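# Observations on chain architecture
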Amino acid sequence: MSELAIELNCVTLKLGTRCVLNDISFTVSAGEFIGVLGPNGAGKTTLMRALLGLSPLSCGRLRVLRKPVTPGNAEIGYMPQVRNISTARRLSGRDFIACAFDGNRWGITLARGRKRRIINDVLSIVGALSLADRPLIELSGGERQRLLLAQCLLGQPRLLLLDEPLISLDLNHQASVVELVRRVQRQLGITVLFSAHELNPLLNVIDRVLYLGNGRAALGTVDEVITPPILSRLYGDVPIDVMRLSGRIFVMLGGIEIEKSHHSHNNNGGYDDRHSTTSVPDSDHLSR
């Protein structure tokens, strides 16, 4: 039996009085690449915050890397959904990563000695050594994502939680970020939960998909989960069609591509779990 990276047993998560995830149970094995999908408000960010120990459970049991959840676990690397770097626009790539060591005490002096070696190591892993001395203001969105991923690797994590890292990127940059994460995941042998609002960019890299909706969770292969009966339950017992065309999958409701129409931006330019498009509080899951 493979080692487990994540274990949820009858977990319920709430935001205020609203039940976001209800009685959810599933496991993720060490080394898996899991795509996390679902409509806005389905609980993708809330789940990641629970894995970080930042969102308390209403009930149930949650273990990460075989241990009870505790905040500040260095074995978890996290890229949050909303990433405001406006105050750091003139920092070099190396200084930007260095600031992750000591909070708001930015500066290259933090990267001397051992810290500088660690920063060079993570820059090398993500293929960003050429970005080390360039200011963030000159970098593309995809290049900035490389630096953000490098920050996530500073603590040599065994689990990566990436919350909507493809936001605001064009298709080419989306593809490069996905391939980069997959390469890093394989090189380091770590577990990845990669949240996205559309399945297609992840199709060729994920081992399984975790689809959230209506308080429920479905975990399995793409062929197991991306089906009309499963998605219908996750989207509120409405008739869902799944179309496959030229290696892409389209989830449709009445002729509309639902994965795009069921996501709305918050005021910070990202997605959040504060507003739900669905409301049925039940639980279904598939397990391997």
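Residues numbered from 1 in each chain as written. Predicted model: local features only at pLDDT ≥ 70, side-chain atom pairs only at ≥ 80, totals over all residues. Heavy atoms only, no water.

## Section: the side chain of Arg216
- On the secondary structure map, Arg216 appears in strand β10 (residues 216-220).
- The buried category is assigned to Arg216, whose relative accessible area is 4%. (Helix = DSSP H or I, 4+ residues; strand = E, 2+ residues; numbered from the N terminus. Buried < 20%, exposed > 50% of the residue type's maximum accessible area, 1.4 Å probe, protein only.)

## Side note on the confidence of the model for the chain
- Here the chain shows a mean pLDDT of 85. Residues at 70 or above account for 84%.
- In the predicted structure, residues 103-111 sits below a pLDDT of 50 and forms 16 contacts with residues beyond four places in sequence or in another chain.
- Note on residues 263-272: pLDDT is under 50 here. Beyond four places in sequence and across chains, it has 30 contacts. (pLDDT = per-residue confidence, 0-100. Contact = heavy atoms within 4.5 Å.)

## Overview of helix α1 (residues 44-51)
- Most of α1 sits out of view: 7 of its 8 residues are buried.
- Of all the residues in α1, the buried ones are Lys44, Thr45, Thr46, Leu47, Met48, Ala50 and Leu51.
- With its phi angle positive at about 80°, Gly53 sits one or two positions after the end of α1.

## A closer look at the side chain of Thr191
- Counting through the fold element by element, Thr191 comes out in strand β8 (residues 191-195).
- With relative accessibility at 2%, the residue Thr191 sits in the buried group.
- Residue contacts for Thr191: discarding those within four places in its chain leaves Ala5, Val28, Ser29, Ala30, Gly31, Glu32, Arg158, Leu159 and Leu160.

## Topic: the sheet that holds strand β12 (residues 248-253)
- Across the sheet, which stays open at both edges, the 3 strands sit in the order β11-β12-β13 with antiparallel pairing between neighbours. In the strand order of this sheet, the two ends are held by β11 (241-245) and β13 (256-257), each with one partner.
- In the sheet, β12 pairs with β13 via 2 bridges, with the strands oriented antiparallel. Bridge assignment links Met252 to a residue of β13, and that residue is Glu257. (Pairing = 2+ DSSP bridges.)

## Examining the packing of aromatic side chains
- A complete count under the given rule lists 2 aromatic pairs for this structure.
- A ring pair is formed by Phe33 and Phe194, whose centres lie 6.0 Å apart and whose planes are at 25°; its orientation type is stacked. Here Phe194 lies in strand β8 and Phe33 lies in strand β3 (residues 33-37), a separation of 161 residues in the sequence.
- Between the aromatic rings of Tyr211 and Tyr235, the centroid separation amounts to 6.0 Å while the plane-to-plane angle is 65°, which identifies the pairing as edge-to-face. Linking Tyr211 in strand β9 (residues 208-213) with Tyr235 in the loop between α7 (228-234) and β11, this pair joins segments that are 24 residues apart in sequence.
- According to the relative accessible area criterion, Tyr211 is buried, its value standing at 1%.
- The class for Tyr235 is buried, based on a relative accessible area of 4%. (Phe/Tyr/Trp six-rings, centres within 6.5 Å; stacked < 30°, edge-to-face > 60°.)

## Details of unusual backbone geometry
- Positive phi, close to 50°, is recorded for Gln156, a residue that is not glycine.
- Examined against the element boundaries, Gln156 turns out to sit in the loop between α4 (141-152) and β7 (159-163).
- Here the phi dihedral of Ser168 falls at roughly 70°; this positive angle occurs in a residue that is not glycine.
- Locating Ser168 in the fold gives a position in the loop between β7 and α5 (171-188).

## Quick look at the sheet that holds β9
- Pairing is mixed across the open sheet formed by 6 strands, whose spatial order is β6-β7-β8-β3-β9-β10. Edge positions in the open sheet fall to β6 (76-79) and β10, since each of these has one partner strand only. In this sheet, adjacent strand axes meet at a mean angle of 15° when their direction is disregarded.
- Against the sheet, α5 touches β3, β7 and β8, its axis set at about 165° to β8. (Axes fitted to C-alpha atoms, helices over the stretch in contact; angles between N-to-C directions.)

## Some thoughts on α4
- Taking 1.5 Å of rise per residue, the 12 residues of α4 would be expected to cover 16 Å, and the 17 Å separating its terminal C-alpha atoms lies within 8% of that figure.
- Along α4, the positions that sit buried rather than exposed are Gly142, Gln145, Leu147, Leu148, Leu149, Ala150, Gln151 and Cys152.
- Packing partners of the buried residues in α4 comprise β6, α2 (93-98), α3 (114-125), β7 and α5. (Expected span 1.5 Å × (residues − 1).)

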